Amino acid sequence: MHFFSSDFKLGILGGGQLGKMLLYETRKWDIYTQVMDPSHEAPCSIACNKFIQGDLMDFDTVYHFGSNVDILTIEIENVNVDALEKLEDEGIIVYPSSKTLRTIQNKATQKLFYVDHNIPTSPFSRFAYTSEIEDSIANGGMQLPFVWKSAQFGYDGQGVKIVRHLDDLKDLPNVECIAEEMVDFKNELAVIVARNSKGNVTTYPVVEMEFHPEANQVEYVICPARIDDSVANKATEVALKVSQHMEHVGLLAVELFQTQDDEILVNEVAPRPHNSGHYSIEASYTNQFEQHIRAILGLPLGNTSSKVAGVMVNLVGAEGHTGSVIYKNIEDILDMEGVTPHIYGKKQTRPFRKMGHVTIVDEDMSKARSKAQEVKEIIKVVSESYE
């Protein structure tokens, strides 16, 4: 199959910032792309060859879209998997596969997958409805505190809550969910594994993630992680084990906990480009978006080594600001050496909405991390009413 400057069509389900950054690479290689997203204002809408507005969870819409491409991939997990399965049965190539997505879409199914394959993860209980948890606590089946997670449709910190008291359960949706034991961890880490359609596998360096305490969103991603080599090797081995059993094609971002005694536990995974790999655009020989395209097309995988230390800062909407977005003080960070902002193209901001990111590169990690803190304090994502 010829991919470049040809009749080949790559379909992407989801038109957000991950899709937009995938399109940087397809345009570089002149690969024809079709993208579908529910919003006509999706960041991808102006960058692909053909944009279609449609419901990603509707069977007929997804099936019809996929019927008109040669290879179909995703930039978001919440898509109609039944449609993907039918497309596969009819000969359309879908990466990641419907089987992989079925495992990952439901957090309870995902956790059971880890247990079945002897992959280390935190202990958990599964509930058909949130309302069942209080009875479990009363009968000694569950103990406070724990982490509540909606089984489906959670993202960017949504669908996750630390439950410390019974009252914390009151405002949670009454849906299928899991309750995980709290993990006493030193660090939250991530490893991105790339696997192409020919079975070749490579990994990116282990990264360290620092989270916002309220929004449960990543604030900083640090590469390489500031951990011992033995811990990094263990984290990579666990991520490779997950990848091996998932049999995914494309990228698999594996989020991990490093416990106080340096054990590695899998938190959850994403079968696509991931926030923890954004640093790679400036810091790596092959960025994660190019790597995903290489993998799903069966091309040789690129060099995952870093050219330089990198720190990523997420740009999220400031609290108390909803409306047309203003990037306050962006000129000041553009004047800083080694600093590159990425604006996702979302016209409306709201509290904690991901609006962009900034990469800081430096040969000295401590300097890069210090500059990242400075960037975080300078730039503000606010609404026009701020002015």
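This section reports on the structure supplied with the text. Everything numeric here is computed off the predicted structure, so don't read it as measured data.

### Brief notes about the overall build of the chain
Inference 1: Helix and strand counts for the chain stand at 11 helices and 21 strands.
Inference 2: Relative to a compact globule of 387 residues, whose C-alpha radius of gyration would be 21 Å, the chain shows 21 Å and is just as compact.
Inference 3: By its C-alpha atoms, the chain is 65 × 55 × 45 Å across when sized along the principal axes.
Inference 4: Counted over contacts in the chain with a minimum sequence separation of 6, partners at least 24 positions apart contribute 63%.
Inference 5: Total accessible area on the chain is roughly 17,100 Å²; 45% of this is exposed by carbon and sulfur atoms.
Inference 6: Distance between charge centres in the chain, computed from 35 positive and 56 negative side chains, equals 3 Å.

### What about the pairing of strand S9 (residues 177-181)?
Inference 1: When you tally the buried positions in S9, you get 4 out of 5 residues, the bulk of the element.
Inference 2: Here strand S6 (residues 124-127) runs beside S9; their pairing, made up of 4 bridges, is antiparallel. From the neighbouring strand, Ser125 faces S9, where its bridge partner is Ala179.
Inference 3: Of the pairings in the sheet, the one linking strand S7 (residues 146-150) to S9 comprises 5 bridges and is antiparallel in character. In the sheet register, Val147 faces S9, and the bridge partner there is Glu180.

### Description of the layout of surface pockets
Inference 1: Considered as a void within the structure, the second largest pocket measures approximately 250 Å³ in volume.
Inference 2: Val316, Ala318, Lys376, Ile379 and Lys380 are the residues nearest the centre of the second largest pocket, which is lined by 15 residues in total.
Inference 3: In the lining of the second largest pocket, the residues fall into 6 nonpolar, 4 polar and 5 charged.

### Section: the nonpolar core
Inference 1: Among the nonpolar cores identified, the biggest contains 23 residues, and Val242, Leu256, Val266 and Val269 are the most heavily contacted of them.
Inference 2: Among the elements of the structure, helix H5 (107-116), strand S10 (185-195), helix H7 (229-246), strand S14 (250-259) and strand S15 (264-270) are those that each provide at least two residues to this core.
Inference 3: Dropping the residues within four chain positions of it, Leu256 is found in contact with Asn187, Glu188, Leu189, Val191, Ala235, Val238, Ile264, Leu265, Val266 and Asn267.
Inference 4: Leu18, Ala47, Ile293 and Tyr344 belong to the second largest nonpolar core, which has 22 residues in total.

### Focus on the sheet that holds strand S17 (residues 323-328)
Inference 1: If you walk across this open sheet you meet the 3 strands as S19-S17-S21, and the pairing is antiparallel. A strand with exactly one partner marks an edge of an open sheet, and here the two such strands are strand S19 (348-349) and strand S21 (380-383).
Inference 2: Judged from the 2 bridges that link them, S17 and S19 form a sheet pairing that is antiparallel. Directly across from Ser324, in S19, lies its bridge partner Gln348.

### Points about unusual backbone geometry
Inference 1: Between Tyr95 and the following residue, Pro96, the backbone shows a cis peptide bond with an omega angle of -5 degrees.
Inference 2: Of note, the amide linkage connecting Leu144 to Pro145 takes the cis form, showing an omega dihedral of -5 degrees.
Inference 3: Inspection of the secondary structure assignment puts Pro145 in the loop between helix H6 (132-138) and S7.
Inference 4: Positive phi, close to 55 degrees, is recorded for Asn118, a residue that is not glycine.
Inference 5: With respect to the helices and strands, the residue Asn118 is situated in the loop between H5 and S6.
Inference 6: Unlike most non-glycine residues, Asp262 shows phi in positive territory, near 65 degrees.
Inference 7: Examined against the element boundaries, Asp262 turns out to sit in the loop between S14 and S15.
Inference 8: On the basis of relative accessibility, which here comes to 22%, the residue Asp262 falls in the partly exposed class.

### Here we look at empty space enclosed by the protein
Inference 1: Scanning all chains against the criterion turns up 1 cavity of 30 Å³ or more.
Inference 2: The space that makes up the largest cavity amounts to roughly 40 Å³.
Inference 3: Around the largest cavity, the lining residues are His212, Gln217, Val218, Glu219, Val316, Phe352 and Lys376.
Inference 4: Here the lining of the largest cavity is composed, by residue class, of 3 nonpolar, 2 polar and 2 charged.

### Focus: the side chain of Asn314
Inference 1: On the secondary structure map, Asn314 appears in strand S16 (residues 309-316).
Inference 2: By relative accessible area, which is 1% here, Asn314 ends up buried.
Inference 3: Contacts of Asn314, omitting those with residues within four sequence positions, involve Val218, Glu219, Asn275, Lys354, Gly356, His357 and Lys376.

### Some points on helix H4 (residues 98-105)
Inference 1: A large share of H4 lies buried, amounting to 6 of its 8 residues.
Inference 2: Among the residues of H4, those classed as buried are Ser98, Thr100, Leu101, Thr103, Ile104 and Gln105.

### Observations concerning the sheet that holds S7
Strand pairing in a sheet relies on backbone hydrogen bonds, with the paired strands running either antiparallel or parallel.
Inference 1: Read from one edge of the open sheet, 4 strands run S6-S9-S7-S8, paired in antiparallel fashion. Each edge of the open sheet is held by one strand with a lone partner, namely S6 and strand S8 (160-163). The average undirected angle you get between the axes of adjacent strands in this sheet is 20 degrees.
Inference 2: Running at roughly 140 degrees to S6, H5 makes contact with S6, S7 and S9 of the sheet.

Conventions and cut-offs
Residues numbered from 1 in each chain as written. Predicted model: local features only at pLDDT ≥ 70, side-chain atom pairs only at ≥ 80, totals over all residues. Heavy atoms only, no water. Helix = DSSP H or I, 4+ residues; strand = E, 2+ residues; numbered from the N terminus. Rg over C-alpha atoms; globule rule 2.2 N^0.38 Å. Contact = heavy atoms within 4.5 Å. Areas by Shrake-Rupley, 256 points an atom, 1.4 Å probe, with all protein chains shown as cover. Lys, Arg positive; Asp, Glu negative; His and termini not counted. Charge placed at Lys NZ, Arg CZ, Asp CG, Glu CD. Buried < 20%, exposed > 50% of the residue type's maximum accessible area, 1.4 Å probe, protein only. Pairing = 2+ DSSP bridges. 1 Å grid on protein atoms, 1.4 Å probe; cavity = no way out; pocket = protein on both sides within 12 Å on 5 of 7 lines; lining within 4 Å. Points joined across faces, edges and corners; volume = space filled by probe spheres on them. Nonpolar A, V, L, I, M, F, W, Y, C, P; charged D, E, K, R; others polar. Core = buried A, V, L, I, M, F, W, Y, C linked by side-chain atoms within 4.5 Å. Axes fitted to C-alpha atoms, helices over the stretch in contact; angles between N-to-C directions.

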